[in-house]
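Chains, contacts and geometry: an overview
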Amino acid sequence: MLFTIQVNNRKIKAEKGETILSALNRNGIRIPTLCRMADFSPTGACRICVVEVEGRDRLVTACSQPVEEWMKIRTHSPRVITARKTIVEMLLSNHPDDCLYCDKNLNCELQRLAEELNIRERRIRAKKIKPRLDQSSPAIVRELSKCILCGRCIRVCEELISANSIDFIGKGSKTHVGPAMDRDFNFSSCIHCGQCVMVCPTGALHEKHNLVEVQDYLHHNDIAKVIQYSPLVTIGIAEEMGIKYNKDFDRTLNSILRRIGFNKIFNSGVGTDICITEIAGQLLERIKNETEDPLYISACPSWVKYAEQFMPDIIPQLSTVKSPQQLTGGLIKTLIADSSGIMPEKIFSVSVTPCMAMKFEARRDGMMRKGISDVDSVMTVRELARLIRLYGIDISNIEPEPADEPMEGSSSAAGLTEISGGITEAVLRLVYFYEYKNDADKQLFKRLRAGGAFRETSLMIANRKIAVAVVDGLTGLEKLRAAFNAGRKYNLIEVMTCPGGCINGAGMPFAMHEINIKSRRKIIYQADETDPINLPCKSPVNINMYDKYLKENEVLSDKKVFYTHYIKRNVLL
Amino acid sequence: MTTEIDTILRNYKQGKRDQLIPLLQEIQEKAGFLSEDSIVEVGRYVGLSTTKIYSLATFYDEFRFLPAGKIQISVCNGTSCYLNGSKAVIDKLKEETGLLPGQTDRDGILSYDIVTCMGGCNHGPVICINGEYYNNVKAEQLPDMIRKLRYIFDND
């Protein structure tokens, strides 16, 4: 039901049941917010969004107050502006103020608010919070002195990820955010998905940097610098650098990386193709043996850690195939080392991913061979963008170059795996192709491409029914459990921690808008429509891999490089 | 220890969080403090993560996470006691014991807490040692008091 309210002496239409903020936003009136996150329960904690409602003594928070018919609202009266400014001044009163050295510099919401509200002097002085730096996690760094206690990370961890790893500890001026028993992060149930980093308005949470390490190694002449980047990284770099993405951009990225000083450049899509092929193989074998238990895809490292902690019973059902990053890393240290005559220990292998948990995955047990890790250093898209800027490379004026032989190019199905449901679709397409020798109709996978945290479909291939389920964001596990309780059976289950898949990953540029995620999805689907090599078994690199290298190369022949193992984790849940 | 928690847990509904605070209070009463194990147990029983239970328990001053000492001192830092100089008492305790509020010394003899009000507002600062109340405490008296108590416990 629509009705009219008065805002700043103008009439606007509001809908019954919505908050003041959503009515204002729909009518093009912008007011600042801080603790609010769209699609999450409002807390009204920061009070930045206060407005004046005629007839009410106190200012009300627009983000949580439902709009009512009689309301006359003033959004930018002197009283409101003073209140907002004072709130930000108080937040700044005990803030470290080391913006120049802060990770979120230029991306900080507190900084932006201070600028918007025209704060030019320190009016309120308070004792600074005692610095506490927690660098124990392989992926996420906590700087407690920069925390403004907005609680966004806590809500994301609870409502979006359902890991419940962090919460407020203590009360009053001693309140801080931390994991159980106020331990350091490495002891906690954190699954390193990094969604808390994406919503943190300040630099209190940020990724652990490997950039300096990579920079250091770039100057070691006796070491071969090898880099792999996942198919989504090109889209992320284009976004971060503010240029329009085109299909040729991954070739441009190759030449950028070569100019920075990397000796060999590969696309992790090669590993993804192997990952798809191996999972399809495991799936077919399970169907042949009529195994009742489902096969869980293990490409998402956050999900793997989640399963190891919260669902140890399913560990035997987790696919033992490594993730694309680790597969490519393993190949770099074996096949590439062999073919170019470099000792594996003389290779520094860097990976660029849209994911934060990959930093953790690279350090996992079972991700190395003879004491040499598959991947030595993992950078996010944001870190790579920093590296490109540091080397002063003019990204708009550079000749595209191919990646390095013998792993040049991958199928478009590899790109698809960056979207939730994509890896399942790719596996099914491959299985279908094995059987019928032609491409499956896209309509068959319509339900996998739909929205929602839990999707399922089934496919008849060679008179056998293959039932699959896709859990898009860990909140979908609840629905999976319900489906199991209702007696449903699945052959293949994909779980992605970040809703939407890797396109919403925590290593991508800070994008607060749905639009960016949508455009990433569109680019990947479009690339898949037009690419003739749309399956791993059509990619020359992948064909070569299985027909030639796997047979000829001694180390690769037993495929041990492709597999890993999982353990039950004892952490405080 | 675990069986003790189990018997307490049995009096509460599984999977229901509405009785969480009384439950934690009962455990603390029996065990003297909330151990990590007990928090994990409670979390599993009530269906909440350890983080959430710890978060709730740290909000209230009454819960402690280390076993209390044989000599347990509570110092009031409520408004009246504060105005009467409880800060000096707390500072003296810190200096004398080398402990922070909520901590217990290594031999497990001494521990102290800061509480908000013990109902003796007109006699502040009030401290309570093992259930016995002392009014109008002055910081200078503390070293002597502690020495006497230690002597008693050492020769017990």
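Residues numbered from 1 in each chain as written. Chains lettered and ligands numbered in written order. Predicted model: local features only at pLDDT ≥ 70, side-chain atom pairs only at ≥ 80, totals over all residues. Heavy atoms only, no water.

Our next topic: empty space enclosed by the protein. All names here are of chain A. Within the structure shown, the criterion is met by four cavities of 30 Å³ or more. Each pocket or cavity is described by its volume, and for the largest cavity that value is around 310 Å³. What lines the largest cavity is a set of 25 residues, and nearest its centre among them are Ala299, Cys355, Met358, Glu418 and Cys502. Elements with a minimum of two residues in the lining of the largest cavity: helix 10 (301-310), helix 11 (324-340) and helix 12 (357-361). Looking at side-chain class alone, the lining of the largest cavity contains 14 nonpolar, 10 polar and one charged residues. Considered as a void within the structure, the second largest cavity measures approximately 140 Å³ in volume. Looking at the second largest cavity, it is lined by 18 residues, and the ones nearest its centre are Cys147, Cys153, Val177, Ala204 and Leu205. Sorting the residues of the lining of the second largest cavity by element identifies strand 7 (140-143) and helix 4 (152-160) as the ones contributing at least two each. (1 Å grid on protein atoms, 1.4 Å probe; cavity = no way out; pocket = protein on both sides within 12 Å on 5 of 7 lines; lining within 4 Å. Points joined across faces, edges and corners; volume = space filled by probe spheres on them. Helix = DSSP H or I, 4+ residues; strand = E, 2+ residues; numbered from the N terminus. Nonpolar A, V, L, I, M, F, W, Y, C, P; charged D, E, K, R; others polar.)

Here the focus is the domain arrangement of chain A. Interface size is commonly expressed as the accessible area that is lost once the parts come together. All names here are of chain A. Partitioning chain A into domains gives domain 1 (2-76), domain 2 (91-207) and domain 3 (212-562). Summarising the inter-unit geometry, the C-alpha centres of domain 2 and domain 3 are found 31 Å apart. Counting residues at the interface gives 23 residues for domain 2 and 27 residues for domain 3. When domain 2 packs against domain 3, close to 2,000 Å² is buried across both sides, 60% of that on carbon and sulfur atoms. Linking domain 2 with domain 3 are two salt bridges, by the criterion used here. Residue glutamate 207 is joined to arginine 382 by a salt bridge in which the shortest nitrogen-to-oxygen separation is 3.1 Å. Between domain 2 and domain 3 we count nine residue pairs in polar contact (both at pLDDT 80 or more) in total. (Domains from an automatic or database assignment. Contact = heavy atoms within 4.5 Å. Buried area = accessible area lost by both parts, 1.4 Å probe. Salt bridge = Lys/Arg side-chain N within 4 Å of Asp/Glu carboxyl O. Polar contact = N/O pair within 3.5 Å; in protein donor to acceptor, adjacent residues only side chain to side chain.)

Moving on, we come to the interface of chain B and chain A. At the junction of the two partners, chain B supplies 12 residues and chain A supplies 18 residues. Between chain B and chain A lies a buried interface of about 1,400 Å² when both sides are counted; carbon and sulfur atoms form 56% of it. One can count four salt bridges joining chain B with chain A. Across the pair lysine 171 of chain A and aspartate 61 of chain B runs a salt bridge, and its minimum N-O distance is 4.0 Å. Connecting chain B to chain A are 11 residue pairs in polar contact (both at pLDDT 80 or more). Elements with a contribution of two residues or more to the side of chain B that touches chain A: helix 3 (36-46) and helix 4 (50-59) of chain B. With seven residues, the single largest contributor to the side of chain B that touches chain A is helix 4 of chain B.

Within the secondary structure, serine 298 of chain A is located in the loop between strand 13 (295-296) and helix 10. Not counting residues up to four positions away in its chain, the partners in contact with serine 298 of chain A are Val304, Leu318, Ser319, Val321 and Tyr566 of chain A.

Another aspect to go through is the sheet that holds strand 4 (residues 132-134) of chain B. Residues and elements named next belong to chain B. Strand order in the open sheet made by the four strands is 2-1-3-4, with mixed pairing throughout. The outermost strands of the open sheet, each flanked by one partner alone, are strand 2 (110-115) and strand 4. The average undirected angle you get between the axes of adjacent strands in this sheet is 20 degrees. Inspection of the sheet shows strand 3 (residues 127-129) paired to strand 4 by three bridges, in the antiparallel sense. For cysteine 128, the partnering residue across the bridge sits in strand 4 and is tyrosine 133. Relative to the sheet, helix 7 (residues 142-154) contacts strand 1 (71-76), strand 2, strand 3 and strand 4, its axis offset from that of strand 3 by approximately 10 degrees. (Pairing = 2+ DSSP bridges. Axes fitted to C-alpha atoms, helices over the stretch in contact; angles between N-to-C directions.)

For the rest of this paragraph, the subject is the packing of helix 6 (residues 86-97) of chain B against helix 7 of chain B. Residues and elements named next belong to chain B. Where helix 6 meets helix 7, the closest approach of the two axes is 10 Å, and the angle between their N-to-C directions is 50 degrees. Taken together, helix 6 and helix 7 sit at an angle that is classed as oblique. Crossing handedness for the pair helix 6 and helix 7: right-handed. Along its contact with helix 6, which presents Val89, Lys92, Leu93, Glu96 and Thr97, the element helix 7 presents Leu142, Pro143 and Ile146. Across the contact of helix 6 with helix 7, the residue classes tally to five nonpolar, one polar and two charged. (Parallel < 35°, antiparallel > 145°, perpendicular 65-115°, else oblique. Left-handed = near helix turned anticlockwise from the far one by under 90°.)

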